[in-house]
Amino acid sequence: MGTFLLRRLMRSAVLIVVVTFLTYFLVSLTPGDAAYTLLGARATPEQLQALRHDMELDQPLVEQYWRWLSSALHGDFGRSLLTQQSTSEVLSQRLEPTVSLLAGTVLVSVALGCLFGVLAAVRGGWLGRLVDLVGQMGLAVPNFVLGLILIAVFAVNMRLFPVSGYIAFAEDPGLWIRSLVLPVCGLAFGVIGVMARQLKVSMEEVMQREFITAMRANGYPQRSIIYRHALRNAGLPVVANLGVIVVGMLSGSVLMESVFALPGLGSLLVQASAQADLPLVEGVVVVMTVIIVAVNIGVDLISAWLDPRVVRP
Amino acid sequence: MSAEILSSTPDPDSAAGQRPKFLSKERARRGPYRPATLLAGAWLILITVAAGAAPLLAGHDPLTQDLAQVQVGPGGEHLLGTDSLGRDLLARLLHGSRTTLLGVAVGVGVSVSIGVPLGLYAGYLRGRVDKVASAVAEILMSLPGLIILITVLAVYPYSMIAAMVTFGVLSSAALFRIVRNVTMAVAQDLYITAAKLAGLSRRQILLRHILPRIRPTVVAQTAIVAALALVTQLGLGFLGIDTRPPHATWGGVLQDASTVIAVSSWTVVPPVVVVTLTILAFGILGDTTTSQPYRLTRARTRTGRPQAPRTTRRAPADQLLCVEHLTVVLTRGGGGSILVDDVSFGIGRGEIVGLVGESGAGKSVTSRAILGLQPTQAKVDGFIDFDGLNLLDLTDKELHHLRGRRIALVGQEPMVSLDPTIRIGAQLAEAVRAHQKVGRKESHRLARQLLTDVRISDPSAVADRYPHEISGGMAQRVCIAVALAGNPELLIADEPTTALDVTVQAEILDLLRDLQRERNMAVLLVTHDWGVVADLCDRAIVLYAGQIVEQAATERLFDHSCHPYTAALRAADPHQQQPGRRLTTIGGSVPPPGSWPPGCRFADRCVSVTEECSNAAVPLHLVAEGHITRCIHVRADDKEAHRVP
Ligand code: SF4
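Worth saying up front: this structure is predicted, and the values here are computed from it rather than measured.

Topic: the overall build of chain B
In step 1: Secondary structure summary: chain B contains 22 helices and 12 strands in total.
In step 2: With 645 residues in all, chain B has 53% of them scored as buried.
In step 3: Taking as baseline every contact in chain B between residues at least 6 positions apart, the subset at least 24 positions apart corresponds to 70%.

Printed below as a string of structure tokens:
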């Protein structure tokens, strides 16, 4: 278990360094640098030079990155170029809506995806076809388009949920849930289809395996064969893929936040990107990468719990 | 978004390495020419042409605003109506498709030109290239695509091309992985090895032999990357960061429609329809699923015989199992061929009967049909009388009650016959609880007792292990323990030693014999090994091409075997080979089900064949008491009976 966790943590560290360095490198390619953005087009070359020196922009890239990384490790991501607010402060304000949206979506889609997947595999028939269809449809309707449709139907027409906006949990838990229902549905729909279909295919494959035949032949209870043995084994590839699914969900959440005007990290990213506020952009990328890493570690732990071969090879 | 879609594609390996016959049938149903594929292709061509001819078709300028006609409905002057600034919706969609499709093309182009060659190379050569590329791909695949693209657009504002090139690089990782896996599978094929031996250059092998084989997979995956590129492009357009504002893209049209969705919902309809159809079209081209439905709760196939109570001939009292006229036929969907043809035999209480033959003779199908575990698409006919019950008449539930308790199975490959995710002790305890009303704790104690019964010296340690942590021989002991948990009267052992090391084989056979004696179990032993037959069996049945060709007591079979096939099999037995002499084998192989000749099915390979042999089906006939055979050249107590020299 120890070496397994260590390996996974190493992988996470590598991922964080790669992503942050790539972003840093990318940002350094900007035609006008941060000093330029700050001072504007009318600045004299001397002024620019002085500010660059102050901001240590004239140092080698790797050195700059190193300095940035070490202060980032202390929670200091610099300041917004436009508002001069501390980046970490802005980020922490924006974290809640995004995490609520993601957590809600993961919960809903894992629960429903498993349910439909298993039912489709066991019952087959029209339910199986439906799962296949939704698996396809979920892909064909981009989630932000679905979000628009949900707004038109459930918010504008039926007035069941707010059209947009976010209420913090601390403010009013009931309204918090109401403000999340539509975005979570929009984001989860496709994922449910994909997961259900994956689980169905995986179940069908596992049910053909020799150990299932052996169990049936030796009188293990049918229920246990399907829900304990087959499901557990069929779940392995699905769980392993969960990390990738959450990565996709993160991309989707950016669009969902934009559709539903949720003040989360995604909308911060879009806004900062449009204003070329690079410290903010970097900060968001870091936080998102950390979310991915956390999810991956969670997925690894679940995999290890489900499949002993992961930890005890 | 990206990964979700790619990951939903089923195992790419299934696209390659299938039997040609199967492939050709698949092609008819799902291949490139099924109607959905044609429609999808037609739609994509249509929008591409429309994009090219946009200025001719549009009729309006996509940028001209007409604030007097904002959000007009469809029809009249503006065919699809206007948007929030009174611009013609059709014109904006048509012109928008140019940018959007260009973006998709760029993304797909970059993705394919990186992913495919690298995948081919890594999958074929393996080694360090593969390791490094796979590691990079893994990192790329765990990057949040859209977020990186937004960052890129922060650096290069409104540069759709830069964004889509980045998309191409990111998505090439998934493409790489799939191409690599398929290539790896194909490269192991015999004829690739042959090509290598024939001295073809690496380039020739890759381009001429491997690439054509994996082409369907590559095409399908490319279509999926295209769908992704489109979705991504739409997302960027929706966020309004892919192109400078008045310029139209599909995503931008959607975004504009969304701002006024509360007032007029029509504006959102045309772009949503166009977008959905296009993604669906890519999706259809990328759909290579060959999911074979497997119903878990399958109705037992009934025979076409009248439902009136069958007058089963009561088997003699000492007979435990009596199989009569057992026939297993694949349904038309499964190919329609006969797997087991009119097989009849019996097993007495406490008797060990061998079922012998080469692979493909129908041994496993016969033995599993007794347990009601025939292939999904098979129909079983005949009688299987087990202690007065006709097994073919039982419902699934009644049959389930019998399994493990009265008839149990030990399979061929112990390492895959146990649930890999659960500790051995727990699996065994579950089997115990399935048959006896005992508590959890007691069941674990009984499980350890069973492990002791199968001569495992340290039952507690083994009970704590997982199946992958024990050896094959140990796993087979555990499988035997599982089968014994219900104290069965009949044990079906399907090639119980084939997958094991020679040294372990003897131990397992000894164990089986001891257990059989201790418990007075009847055993149906499926094997192709005459040593096993000689060692254990009281009687043996020789199967060839779905039929019984000879049946006799073991001793008689060894001294007076009549059928040329039995003789040939015994001569080919590796235990009988004399050192220094050339290995005797039977030429040719068992004809596969569906291609059995009308006359003697062994005629092609028989050394004693004459012309009459192929004239008509050969019946079984009695040679001596308890000895039957199926050969026209053997007569009752024939002095000329074939013997192994
Ligand atoms: S019937 Fe003819 S071909 Fe068949 S086994 Fe006998 S001798 Fe050989």
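Right, picking up where we left off after that structure.
Quick look at the sheet that holds strand S10 (residues 547-553) of chain B
Residue and element names in this part refer to chain B.
In step 1: One open sheet accounts for eight strands, arranged S6-S7-S8-S3-S9-S10-S12-S11; its pairing is mixed. If you trace the sheet from one side to the other, it starts and ends with strand S6 (407-410) and strand S11 (621-624), each paired once. This sheet shows a mean twist of 20 degrees between the axes of neighbouring strands, independent of strand direction.
In step 2: Pairing analysis gives six bridges linking strand S9 (residues 539-544) to S10, with the strands arranged antiparallel. When the sheet's bridge partners are listed, arginine 539 is paired in S10 with alanine 553.
In step 3: The sheet strands contacting helix H18 (residues 472-484) are S6 and strand S7 (490-494), and the helix crosses S6 at an angle near 170 degrees.
In step 4: Along the sheet face, helix H22 (residues 564-571) touches strand S3 (352-356), S9 and S10 and points at about 100 degrees away from the line of S9.

Points about the side chain of threonine 629 of chain B
Residues and elements named next belong to chain B.
In step 1: You can see threonine 629 is positioned in strand S12 (residues 627-629).
In step 2: Within the structure, the side chain of threonine 629 is placed 3.2 Å from the backbone oxygen of valine 549, a separation counted as a polar contact.
In step 3: The contact partners of threonine 629, leaving out residues within four places of it in the chain, are Val549, Glu550, Cys562, His563, Pro619, Leu620, His621, Val623 and Val634.

Considerations on a nonpolar patch on the surface
All names here are of chain B.
In step 1: A cluster of nonpolar residues, Leu102, Ile114, Leu118, Ile161, Val165 and Val169, forms a patch on the protein surface that exposes about 420 Å² of accessible area.
In step 2: Of all the elements in the fold, those that place two or more residues in the nonpolar patch are helix H5 (89-125) and helix H8 (160-187).
In step 3: For valine 169, the position within the fold is in helix H8.
In step 4: A relative accessible area of 35% means that valine 169 is categorised as partly exposed.

Description of the packing of aromatic side chains
Note on aromatic pairs: each is described by the distance of the centres and the angle between the planes.
Residues and elements named next belong to chain A.
In step 1: Tallied over the entire structure, the rule returns eight aromatic pairs over all chains.
In step 2: Here the aromatic cluster, defined as three or more aromatic residues joined through ring pairs, consists of Phe21, Tyr65 and Trp68.
In step 3: When the ring centre of tryptophan 305 is taken as reference, the NZ or CZ atom of arginine 232 above it lies at 5.6 Å.

Here we look at the nonpolar core
In step 1: One finds Met203 of chain A together with Ile150, Ile210 and Ile480 of chain B to be the most contacted residues of the largest nonpolar core, which totals 209 residues.
In step 2: Broken down by element, the residue count for this core peaks at 16 residues, all from helix H10 (residues 202-239) of chain B.
In step 3: Split by domain, the residues of this core number at least three in each of domain 1 (28-289) and domain 2 (320-406 + 488-565) of chain B.
In step 4: Leu339, Leu355, Ile407 and Leu490 of chain B belong to the second-largest nonpolar core, a separate cluster that totals 38 residues.

Remarks on the interface of chain A and chain B
In step 1: If you look at the interface, chain A gives 80 residues, while chain B gives 75 residues.
In step 2: For the pair chain A and chain B, the two sides together bury roughly 6,900 Å², of which 66% comes from carbon and sulfur.
In step 3: Contact with chain B buries area across many residues of chain A, yet Arg216, Asn218 and Tyr220 of chain A alone supply 10% of it, more than any other trio.
In step 4: For the salt bridge of glutamate 138 of chain B with arginine 11 of chain A, the shortest nitrogen-to-oxygen distance reads 3.2 Å.
In step 5: The tally of links from chain A across to chain B stands at 15 residue pairs in polar contact (both at pLDDT 80 or more).

Focus: the pattern of salt bridges
In step 1: Tallied over the full model, the rule gives 26 salt bridges over all chains.
In step 2: Of the charged contacts in the structure, one is a salt bridge between aspartate 300 of chain A and arginine 8 of chain A, with a shortest N-O distance of 2.8 Å. Here aspartate 300 of chain A is found in helix H13 (residues 278-306), whereas its partner arginine 8 of chain A is found in helix H1 (residues 2-28), with 292 residues between them in sequence.
In step 3: Ionic pairing is found between arginine 126 of chain B and aspartate 130 of chain B, a salt bridge with its closest N-O pair at 3.1 Å.

Considerations on the UniProt feature "transmembrane region" (unreviewed entry) in chain B
In step 1: Here the UniProt feature "transmembrane region" (unreviewed entry) sits at residues 36-58, 101-123, 135-155, 161-179, 218-241 and 261-285 of chain B.
In step 2: The span residues 101-123 of chain B shows a helical share of 100% and a strand share of 0%, and its end C-alpha atoms are spaced 31 Å apart.

Definitions and cut-offs
All residue numbers here refer to positions counted from 1 along the written sequence of the relevant chain. Chain letters and ligand numbers both follow the written order, the letters beginning at A and the numbers at 1. Whole-chain, interface and lining totals are the exception, using all residues; otherwise, since this is a predicted model, local features are given only for residues with pLDDT of at least 70 and side-chain atom pairs are given and counted only at 80 or more. Based on all heavy atoms of the structure, the side-chain values leave hydrogens and waters out of the count. Here a helix means four or more residues in a row that DSSP labels H or I, a strand means two or more in a row labelled E, and each is numbered from the N terminus. Any residue under 20% of the maximum accessible area for its type is buried, any over 50% is exposed, and the rest in between are partly exposed; the area is computed with a 1.4 Å probe on protein chains only. When checking whether two residues touch, look at their non-hydrogen atoms; a contact exists if any pair is within 4.5 Å. Following DSSP output, two strands are said to pair if at least two bridges run between them. Angles here are taken between N-to-C directions and fall from 0 to 180 degrees, while the axes themselves are lines fitted to C-alpha atoms, restricted in helices to the stretch in contact. By the criterion applied in these results, polar contacts are pairs of N or O atoms within 3.5 Å in which, for protein atoms, one can donate a hydrogen and the other can accept it, and in which residues neighboring in sequence qualify only through two side-chain atoms. Two distance rules govern patches: like charges are joined within 9 Å, and nonpolar side chains (Val, Leu, Ile, Met, Phe, Trp, Tyr) within 5 Å, applied only to residues with over 30% relative accessible area and no salt bridge. With residues, only the protein chains shown are counted as cover, and all accessible areas are computed by Shrake-Rupley using a 1.4 Å probe. The salt bridge criterion pairs a side-chain nitrogen of Lys or Arg with a carboxyl oxygen of Asp or Glu, the two atoms within 4 Å. Under the pairing criterion, centres of Phe, Tyr and Trp rings, with the six-membered ring standing for Trp, must be within 6.5 Å; the plane angle then separates stacked pairs below 30 degrees from edge-to-face pairs above 60, leaving the rest tilted. Whether a charge lies above a ring is judged from NZ of Lys or CZ of Arg, which has to be within 6 Å of the ring centre and within 35 degrees of the ring normal. Throughout, nonpolar core names a set of buried Ala, Val, Leu, Ile, Met, Phe, Trp, Tyr and Cys residues whose side chains join them through atoms within 4.5 Å. As annotated, the domain borders come from an automatic or database domain assignment. Accessible area that two parts lose when put together, evaluated with a 1.4 Å probe and summed over both, is termed the buried area. UniProt positions are given in the numbering used here, feature names are shortened, and annotations may be inferred rather than shown by experiment.

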